[in-house]
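Read off the chains here:
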Amino acid sequence: MSEPFKQRRRERIDRGVKVRSASIYALNSLEEIGYLLAPRMLLTCCFLFMPLALSPWPYWGRVGLSVCILALLSISFDFLANYVGLVSLGGAFFYGIGGYISAICNTEFGLPPFLAILVATILGAMICTIALLPCLPLRGIYFAIVTLMYPLLMIRLIEAFDILGGTEGFRGIDGFNSFWTEQYGLVLGLLVALFALRRFVNTDAGLVVRAVKDNDQSVRASGISVTRTKAKAVFLASLTGCFAGAYYIHMYSNVGISSFALDLSIMPIAATIIGGSGTLVGPVIGAAILVPLSELLRDFGSLRIVVYALVLTGFVVFRSEGLMNFLTRKYQQIERWVDIR
Amino acid sequence: MTQRSTEPILEINSVSMHFGGVKALDNVSLTVNRGDVVGIIGPNGSGKTTLINCITGFLKPTLGTIAFHGRDITGKKPHKVADMGINRTFQVMRPYFTMPAYKNLVIPLSSPRAKRVGGWRGGGRHGDRNTVAVDILEELGFERDSRVPYKLAGTLPTGYLKRLELGRCLAMRPELLICDEVFSGLSASEISSLVPLIEKLNAQGITMIMVEHRLVELFRVANRVMALSYGEKITEGPPQDVISHPKVREAYLGSEEDF
Ligand SMILES: Nc1ncnc2c1ncn2[C@@H]1O[C@H](COP(=O)(O)OP(=O)(O)OP(=O)(O)O)[C@@H](O)[C@H]1O
Ligand SMILES: [Mg+2]
């Protein structure tokens, strides 16, 4: 019994994270906090460096911004579909409402872009929430189909009554004063939306929202109004969507009925499926794959959509859980050597 | 036993519930006084669950009225009724399957009523609700230091799920607790551990309505029993009187195996 015999064993890096006492995760070392934070930091850094990396090519800079726009819409979709249980095809509605309000604030009332975006985000979310109130009791495919009608209805109304600039829309909207404000304004907006929503779903209020998806009868029996809970969630989702729409119109200085276009409702679904449903980060990754891919495929001309469809199908068939769920699993399976005490 | 008063807290006046041609409830009246444990018995399909649904707002009675503390609650929304302090368990258990057991209780603890009536420390902090949730579960026989309270509700066996149903109600600080067959599906030993709990809750001042098929255990805790058959009230009174009522014997106890 001279030297204590030192033994080592392999264990998964998430072991310390999985051990729980009553309610808190027991993190017993900086190293463990590191394992937890590393992926988050990686994603944050990627987005923060993106503008720097893309600055020599303004074209790709714009593509980077399109990634952020789609990412915002996809987060909004993922949140509603996988945390609240409302499969919304009304992404274009949020987007268009945000865009038009910001355009009006800027051209009619002379608000500078960032202020106009702020007003459009909040006011737009209130309008969208009120507009969707009547369909909140609907579920599943019924909710999906009704929300799909909203943007289509807007297009027809604008055309038929020649309101909101009619088919022309608004032109000459103020842009951002530099490449950097344009880039970082949106990147920060995306990061804030992402981390705020991720935080929200883990609070008690977020838990109630998820409970509605799981079992709304029990939520009612617990004295909580299901409609009000859903309305709050729709408000959060439309904040995100309206922000995206409002930001976009200042990038291109005009807004028109294309802000209510159908693919703005459909693309987020593709991004969410590729990235991983119910993760919020997944959709961002999905958007970061889909948008550049679609740009690269421009050379293929009319074959573009075929290649695009093949890639999508490939993801759905071979990685149906979504990239994010796949990566999380792999990351947590990484093992390390530890001393046995 | 608790001091029972004659102050009525729930008054059900001639309630009828028709589903198309089916009369699930036909002219049922019942008064529940503060501190009572009222048992409701009756064969399958006699309308017991329907009555609970009418009281708690999940159904609107076709005819009749229901009053809580003298205030009409007929046809009120379920969450409004629950907010007033009438909390029910579901016969077909409805946990939040995708959440750990203790998180199931964080939801009622986040409700406006729990915030208002409170009774638990803190007042809105995240960590606190979790601890209170585990406290309540512990009282219901979830071993605190085991992994059971932290397991996904979807993986728990029936016995625990039944108690989880109770836990979700207790988290609401109920004034009137309505249990829809909490004993059924439980083993004899599980029931005998629940009976003292029911008695304790009643002693704390919670008025109860218990729908049960397990008569022996029900009669230990109930001070009054109502018997239903085909949606009609046959009789009501102290357990001994109800059990010896000829119509009850005929309708319900055709098989005597419960005794
Ligand atoms: N939503 C409904 N639509 C149509 N009929 C219903 C509905 N709910 C209940 N019923 C009918 O009402 C009658 C009473 O049902 P209820 O569930 O209240 O019985 P119960 O006494 O709770 O029975 P059990 O002991 O099996 O739980 C049954 O005949 C049932 O088929
Ligand atoms: Mg029943």
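Here is what the cut-offs are and how they apply
Residues numbered from 1 in each chain as written. Chains lettered and ligands numbered in written order. Predicted model: local features only at pLDDT ≥ 70, side-chain atom pairs only at ≥ 80, totals over all residues. Heavy atoms only, no water. Donors = N, O, S within 2.8 Å, 3.2 Å for Na, K, Ca; no water. Helix = DSSP H or I, 4+ residues; strand = E, 2+ residues; numbered from the N terminus. Buried < 20%, exposed > 50% of the residue type's maximum accessible area, 1.4 Å probe, protein only. Contact = heavy atoms within 4.5 Å. Buried area = accessible area lost by both parts, 1.4 Å probe. Salt bridge = Lys/Arg side-chain N within 4 Å of Asp/Glu carboxyl O. Nonpolar A, V, L, I, M, F, W, Y, C, P; charged D, E, K, R; others polar. Expected span 1.5 Å × (residues − 1). Domains from an automatic or database assignment. Polar contact = N/O pair within 3.5 Å; in protein donor to acceptor, adjacent residues only side chain to side chain. Axes fitted to C-alpha atoms, helices over the stretch in contact; angles between N-to-C directions. Parallel < 35°, antiparallel > 145°, perpendicular 65-115°, else oblique. pLDDT = per-residue confidence, 0-100. Phe/Tyr/Trp six-rings, centres within 6.5 Å; stacked < 30°, edge-to-face > 60°. Lys NZ or Arg CZ within 6 Å of the ring centre and 35° of its normal. Near = heavy atom within 4 Å. Areas by Shrake-Rupley, 256 points an atom, 1.4 Å probe, with all protein chains shown as cover.

Undergrad: What's the story with the coordination of the magnesium ion (ligand 2) in this structure? I'm lost.
TA: Six octahedral donors around a metal ideally subtend angles of 90 or 180 degrees, whereas four tetrahedral donors ideally subtend 109.5 degrees. Residue and element names in this part refer to chain B. Looking at the magnesium ion (ligand 2), the protein donor atoms are T49 (OG1) and Q91 (OE1), and they sit 1.8 to 2.1 Å from it. Of the two residues, T49 sits in helix α1 (residues 48-55) while Q91 sits in the loop between β6 (86-88) and α3 (101-109), which places them 42 residues apart along the sequence. By relative accessible area, which is 26% here, T49 ends up partly exposed.

Undergrad: Looking at this structure, how should I read the interface of chain B and chain A?
TA: By convention, interface size is frequently given as the accessible area that disappears when the constituent parts associate. The partner chain A presents 20 residues to the 29 residues of chain B that form the contact. Across the chain B/chain A interface, buried area totals approximately 2,100 Å², and carbon plus sulfur atoms make up 59% of it. Three residues, B:H79, B:Y96 and B:Y150, lead the burial of chain B against chain A; their summed loss comes to 25% of the area buried on that side. Across the contact surface, chain B and chain A share one salt bridge. A salt bridge links B:R129 to A:D204, with the nearest nitrogen and oxygen atoms 2.5 Å apart. Those elements giving two or more residues to the side of chain B that touches chain A turn out to be α2 (78-84), α3 and α5 (126-139) of chain B. Among the elements that make up the side of chain B that touches chain A, the one with the highest residue count is α3(B) (five residues). Here the side of chain B that touches chain A is composed, by residue class, of 15 nonpolar, eight polar and six charged.

Undergrad: Would you mind going over helix α12 (residues 281-296) of chain A with me for this structure?
TA: Three- or four-residue spacings in an α-helix give side chains the same orientation, since the helix completes a turn every 3.6 residues. Residue and element names in this part refer to chain A. Taking 1.5 Å per residue as the helical rise, α12 with its 16 residues ought to reach 22 Å, and the 23 Å between its terminal C-alpha atoms agrees with that figure. Across the 16 residues that make up α12, a large majority, 12, are buried. Looking at α12, one finds that the buried residues are V281, G282, P283, V284, I285, G286, A287, L290, V291, L293, S294 and E295.

Undergrad: How should the domain arrangement of chain A be read in this particular structure?
TA: All names here are of chain A. Taken as a whole, chain A is organised into domain 1 (14-54) and domain 2 (57-262). Using C-alpha coordinates to define each centre, domain 1 is positioned 29 Å away from domain 2. Here domain 1 and domain 2 share an interface that buries about 1,100 Å² over both sides, 77% of which is from carbon and sulfur atoms. For the domain 1 face of the interface with domain 2, the top three residues by lost area are F47, P51 and L54, together amounting to 50%. Our enumeration of links across domain 1 and domain 2 arrives at zero salt bridges. At the junction of domain 1 and domain 2, the tally comes to two residue pairs in polar contact (both at pLDDT 80 or more). Taken together, the residues that form the side of domain 1 that touches domain 2 break down as eight nonpolar, one polar and one charged.

Undergrad: Would you explain the packing of helix α11 (residues 263-275) of chain A against α12(A) in this entry?
TA: For any two helices packed against each other, the geometry comes down to the angle between their axes and how far apart the axes lie. All names here are of chain A. The N-to-C vectors of α11 and α12 enclose an angle of 110°; their axes lie 7 Å apart at closest approach. Between α11 and α12, the crossing angle belongs to the class labelled roughly perpendicular. Contacts between α11 and α12 pair M267, A270, A271, T272, I274 and G275 from the former with G282, P283, G286, A287, I289 and L290 from the latter.

Undergrad: Looking at this structure, how should I read the confidence of the model for chain B?
TA: Reading predicted coordinates in detail is not appropriate for stretches of low pLDDT. Residues and elements named next belong to chain B. Summarising the model, chain B shows a mean pLDDT of 87, and 92% of its residues fall at 70 or more. Considering only residues more than four positions removed or in separate chains, one finds that residues 121-126, a stretch of pLDDT under 50, has 10 contacts. Interface confidence for the predicted complex, expressed as ipTM, amounts to 0.88; the pTM equals 0.89.

Undergrad: Can you walk me through the packing of aromatic side chains in this structure?
TA: Two descriptors summarise a pair of aromatic rings, namely the distance from one centre to the other and the angle between the planes of the rings. Taken as a whole and assessed by the stated rule, the structure comprises 17 aromatic pairs over all chains. Note on A:F179 and A:W180: the rings are 5.1 Å apart at their centroids and 85° apart in plane angle, and the pair reads as edge-to-face. A:F179 gets classed as partly exposed once you look at its relative accessible area, which sits at 25%. An aromatic cluster is defined as three or more aromatic residues linked by ring pairs; in this entry it consists of A:F114, A:F176, A:F243 and A:Y247. Here the guanidinium or amino end of B:R88 rests over the ring plane of B:F58, the centre of that ring lying 5.0 Å away.

Undergrad: Can you walk me through the site of ligand 1 in this structure?
TA: Residue and element names in this part refer to chain B. The environment of ligand 1 is made up of F19, A24, N44, G45, S46, G47, K48, T49, T50, Q91, E181 and H213. A distance of 2.8 Å is found between an oxygen atom of ligand 1 and a side-chain nitrogen or oxygen belonging to Q91. Considering ligand 1 on its own, with 640 Å² of exposed area, one finds that the protein chains cover 61% of that surface. Here the element with the most residues in the shell around ligand 1 is α1; it accounts for three residues. In terms of residue class, the shell around ligand 1 is made up of two nonpolar, eight polar and two charged.

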